Amino acid sequence: MQTRQFFLPLLLFLTGFLAADSTSPNETKPKKAQLPKIKKENNVLLLKKSNFDRALKETKYLLVEFYVALSQSSQNLSEEFAEAARQLRKEAPRIQFGKMDVTHQQDLRKEFNIREFPTVKLFVDGSREDPIDCKGVRQASTFVTWVKRRTGPSTVLINSTDEAEAIIHANDLAVIGFFKELHSDSVEVFCETARDVPEMPFGMTASEDVCATYGIQRNTLVMFQKGRPVHNEVLEDGRQSKLDLTRLIKTFTLDLVTEYNLETSVKIFDVPVENHILLFTPKNSETFSGIYENYKSAAVEFRGKITFVLVDTNESRNGRVFEYFRIRDVDIPTVRILNLTSDAKYKMPADEVTVDNLKQFCQSYLTGKAKLHLSSEEIPEDWDKMPVKVLVGKNFNRIVFSKTMTVFIMFYAPWSYACRKLLPIWDKLGEQYESHKDIIIAKIDVTANDILSVGLDRYPFFRLFPAGPDYQEVAYAGEHTLEAFSEFLEEQSKTKAEPGEKDPSGGIKEDLSQKETVITKKEEL
């Protein structure tokens, strides 16, 4: 009886609790609030700072285009990017495409090291750390290939001659790796290279029959062009790096000689060869055909080492290129070599553009025997008569590295509006420090004078060279005002300059540690 008395209140309590929690058939149980889906435009997620982390968490692979709104190149790429997203929408749903306007997002630019626009990066497994750069890809089909190779196998495994032929004839260019076995360092490097070269199909095989069909007996990379083998590269473990193979393969995306123009300039700089040789000549001249054939013949020997470029001097749109290399009408035809890493320029010493002269020039450059070509204006007679001293290539080292004087220099371009606007302020700074015997305010036209000892920056830029035996260049990054220049100079001039070594004539002894070959603008061929 006692048990029954206890059970009845408990039953009533539970029944009441369940009744309170139950809903009538006409009532709906409240659902947990869900975030709205991230909006898409042409199959591409519209990303911003507020939804970026969420997009990363919701996708296995997220390929993101970082762009600026007013950039034409960004707009052009967006169309191809959207087409790639459309093609992969059903085939590979785990791969998502997104785009983000970072015009005013300096923090994101810094976090992801974005320095040019557009920039495309692949984020994996929701992580913001170390996204993979997608460089040099600009077409929808190439985006598709690139992302597939990053999220799956990078090469096709070939088991028969028919399969090899299918890959060889699938594109104008194809790459086949022939191996004794598929477990080696060379195979790993080959597969890594394939991920970075989505422009062409890659295949690999360890089939003895396939290797025998193509006459391959060692581990070898073979380049095929329009169905025909055009280059064999023997692969040895530890000898070739991914960069070596990428450089070699990508050179075949260019002709032996590529004419420079707005369309080809992107392809030229996409090929990771740091040495470029340029032939400046008019295409409509009577001698062009012979010169071009010589140039093309010489190019064969240096493929993968030096990129051969033709610049038509009759094309007005190439004016900036002429200015950069300081090419005059009297120089044409002429040949230059440019190292993209150091920005060093070399001039072919021979006047005639022959196969032998071109080969000798290229060989001397590659062996480090070619002499640098540095342009300089003549030293003006009144270079030191005004408060702001005028420097040129011929007097730069003598003045700047004097050890007794602190030299503050404005590097400018005469055609730049920003430079022209600042010159009056720079003149006032010169007047302010004219009475200081240990300070020189100077300027130099960097479009007419090559100075290898100073890294070029966006015009105008400023460098301070303090007095004293320990040379240490100081870059100025402050405001472009008279007050800011003065404060910077006063702060930097607190250290006393030690006396320098003078020559017998009483002038400053020039530092000749940097040997230069100086070509003046008045020099005739």
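Look a little higher up for the structure.
I will try to describe carefully the structure that is included in this document.

## Structural notes on the packing of helix H7 (residues 185-196) against helix H9 (residues 242-251)
Turning to step 1, where the next piece is worked out: The interhelical angle for the contact between H7 and H9, taken along N-to-C directions, is 50 degrees, at an axis separation of 9 Å. Between H7 and H9, the crossing angle belongs to the class labelled oblique. For the element pair H7 and H9, the recorded crossing hand is right-handed. Note on element contacts: H9 touches H7 through Lys242, Leu245, Thr246, Ile249 and Lys250, opposite Val189, Phe190, Glu192, Thr193 and Asp196.
Turning to step 2, where the next piece is worked out: Considered class by class, the residues forming the contact of H7 with H9 number four nonpolar, two polar and four charged.

## Describing the sheet that holds strand E8 (residues 173-178)
Across a sheet, paired strands are connected by hydrogen bonds in the backbone, their directions being either parallel or antiparallel.
Turning to step 1, where the next piece is worked out: On the basis of which strands lie adjacent, the open sheet formed by five strands has the order E7-E9-E8-E10-E11 and mixed pairing. Lying at the two open borders of the sheet, with one neighbouring strand each, are strand E7 (156-157) and strand E11 (228-234).
Turning to step 2, where the next piece is worked out: Where E8 and strand E10 (residues 220-225) come together, six bridges link them in antiparallel fashion. Residue pairing in the sheet places Phe178 in a bridge with Thr220 of E10.
Turning to step 3, where the next piece is worked out: Along the sheet, helix H6 (residues 161-168) contacts E7, E8, strand E9 (202-205) and E10; its crossing angle with E8, the most-contacted strand, is approximately 145 degrees.
Turning to step 4, where the next piece is worked out: On top of the sheet, H9 reaches E8, E9, E10 and E11; it is set at about 20 degrees to E10, its chief contact.

## What to know about the side chain of Arg463
Turning to step 1, where the next piece is worked out: Along the chain, Arg463 falls in strand E21 (residues 461-465).
Turning to step 2, where the next piece is worked out: One polar contact links Arg463 to Glu473, side chain to side chain, over a distance of 2.9 Å.

## Brief notes about the nonpolar core
Turning to step 1, where the next piece is worked out: Membership of the largest hydrophobic core comes to 23 residues, with the highest contact counts inside it found for Ile277, Phe308, Val335 and Leu358.
Turning to step 2, where the next piece is worked out: Sorting the residues of this core by element identifies strand E13 (275-281), helix H11 (288-299), strand E14 (307-312), strand E15 (334-339) and helix H13 (355-366) as the ones contributing at least two each.
Turning to step 3, where the next piece is worked out: With five residues, the single largest contributor to this core is H11.
Turning to step 4, where the next piece is worked out: In contact with Val335, not counting residues within four places along its chain, are Ile277, Leu278, Leu279, Tyr346, Lys347, Met348, Val353, Leu358 and Phe361.
Turning to step 5, where the next piece is worked out: In this structure, Phe81, Ala85, Leu88 and Ala92 belong to the second largest nonpolar core, which totals 21 residues.

## Focus on a negative patch on the surface
Turning to step 1, where the next piece is worked out: Residues Glu181, Asp185, Glu188 and Asp237 make up a contiguous surface patch of negative charge.
Turning to step 2, where the next piece is worked out: Residue placement: Asp237 occurs in the loop between E11 and H9.

## Remarks on the pairing of E14
Turning to step 1, where the next piece is worked out: Most of E14 is tucked away: six of the six residues are buried.
Turning to step 2, where the next piece is worked out: Side chains Thr307, Val309 and Val311 project from E14 onto one buried face, and the interleaved Phe308, Leu310 and Asp312 project onto a second face that is buried too.
Turning to step 3, where the next piece is worked out: In terms of strand pairing, strand E12 (residues 257-259) meets E14 through three bridges, oriented parallel. Bridge pairing in E14 links Val257 to Phe308.
Turning to step 4, where the next piece is worked out: Pairing of E13 with E14, which is carried by six bridges, proceeds in the parallel orientation. Directly across from Thr281, in E14, lies its bridge partner Asp312.
Turning to step 5, where the next piece is worked out: With respect to chirality, the unit in which E13 leads through H11 into the neighbouring parallel E14 is right-handed.

## As for the packing of aromatic side chains
Turning to step 1, where the next piece is worked out: Going through the model one piece at a time under the given rule, you end up with 33 aromatic pairs.
Turning to step 2, where the next piece is worked out: With a centroid separation of 6.0 Å and an interplanar angle of 75 degrees, the aromatic rings of Phe52 and Phe112 are classed as edge-to-face. Taken together, the residues span a long stretch of sequence, with Phe52 in helix H2 (residues 49-58) and Phe112 in the loop between helix H4 (106-111) and strand E5 (119-124) at a distance of 60 residues. Here Phe52 and Phe112 have matching classes, each one buried.

## Side note on the pairing of E11
Turning to step 1, where the next piece is worked out: The pairing of E10 with E11 spans six bridges and is classified as antiparallel. When the bridges of E11 are listed, Phe224 appears paired with Pro229.
Turning to step 2, where the next piece is worked out: What sits between E10 and E11 in their antiparallel hairpin is a turn of two residues, with Lys226 showing a positive phi close to 50 degrees.

## Points about the sheet that holds E5
Turning to step 1, where the next piece is worked out: The strand order across the open sheet built from six strands is E1-E2-E4-E3-E5-E6, with neighbouring strands paired in mixed fashion. The open sheet is flanked by strand E1 (40-41) and strand E6 (132-133), the only strands paired with a single partner.
Turning to step 2, where the next piece is worked out: Running at roughly 165 degrees to strand E3 (residues 61-67), helix H3 (residues 72-91) makes contact with strand E2 (44-47), E3, strand E4 (95-101) and E5 of the sheet.

## Details of the side chain of Glu233
Turning to step 1, where the next piece is worked out: Within the secondary structure, Glu233 sits in strand E11.
Turning to step 2, where the next piece is worked out: Buried charge without a salt bridge: Glu233, with Arg239 as the nearest opposite-charge side chain at an N-O distance of 4.3 Å.
Turning to step 3, where the next piece is worked out: A distance of 3.0 Å separates a polar atom in the side chain of Glu233 from a polar atom in the side chain of His231.
Turning to step 4, where the next piece is worked out: Leave out the neighbours within four places in its chain, and Glu233 touches Asn219, Thr220, Leu221, Arg239, Gln240 and Leu248.

## What about unusual backbone geometry?
Turning to step 1, where the next piece is worked out: The amide bond that connects Phe117 to the next residue, Pro118, takes the cis arrangement and shows omega of -5 degrees.
Turning to step 2, where the next piece is worked out: Within the secondary structure, Pro118 sits in the loop between H4 and E5.
Turning to step 3, where the next piece is worked out: Going from Ile332 to Pro333, the amide bond is cis rather than trans, its omega being -5 degrees.
Turning to step 4, where the next piece is worked out: Tracing the sequence through the fold places Pro333 in the loop between helix H12 (319-325) and E15.
Turning to step 5, where the next piece is worked out: Of note in the backbone geometry, Asn42 takes a positive phi value of approximately 55 degrees without being a glycine.
Turning to step 6, where the next piece is worked out: Relative to the elements of secondary structure, Asn42 occurs in the loop between E1 and E2.
Turning to step 7, where the next piece is worked out: For Asp130, which is not glycine, the phi torsion reads 50 degrees and is therefore positive.
Turning to step 8, where the next piece is worked out: If you trace the backbone, Asp130 turns up in the loop between E5 and E6.

Conventions used here
- Residues numbered from 1 in each chain as written.
- Predicted model: local features only at pLDDT ≥ 70, side-chain atom pairs only at ≥ 80, totals over all residues.
- Heavy atoms only, no water.
- Axes fitted to C-alpha atoms, helices over the stretch in contact; angles between N-to-C directions.
- Helix = DSSP H or I, 4+ residues; strand = E, 2+ residues; numbered from the N terminus.
- Parallel < 35°, antiparallel > 145°, perpendicular 65-115°, else oblique.
- Left-handed = near helix turned anticlockwise from the far one by under 90°.
- Contact = heavy atoms within 4.5 Å.
- Nonpolar A, V, L, I, M, F, W, Y, C, P; charged D, E, K, R; others polar.
- Pairing = 2+ DSSP bridges.
- Polar contact = N/O pair within 3.5 Å; in protein donor to acceptor, adjacent residues only side chain to side chain.
- Core = buried A, V, L, I, M, F, W, Y, C linked by side-chain atoms within 4.5 Å.
- Buried < 20%, exposed > 50% of the residue type's maximum accessible area, 1.4 Å probe, protein only.
- Patch = residues over 30% accessible without salt bridge, like charges linked within 9 Å, V, L, I, M, F, W, Y side chains within 5 Å.
- Areas by Shrake-Rupley, 256 points an atom, 1.4 Å probe, with all protein chains shown as cover.
- Salt bridge = Lys/Arg side-chain N within 4 Å of Asp/Glu carboxyl O.
- Lys, Arg positive; Asp, Glu negative; His and termini not counted.
- Charge placed at Lys NZ, Arg CZ, Asp CG, Glu CD.
- Right-handed = clockwise from strand over helix to strand, strands pointing away.
- Phe/Tyr/Trp six-rings, centres within 6.5 Å; stacked < 30°, edge-to-face > 60°.

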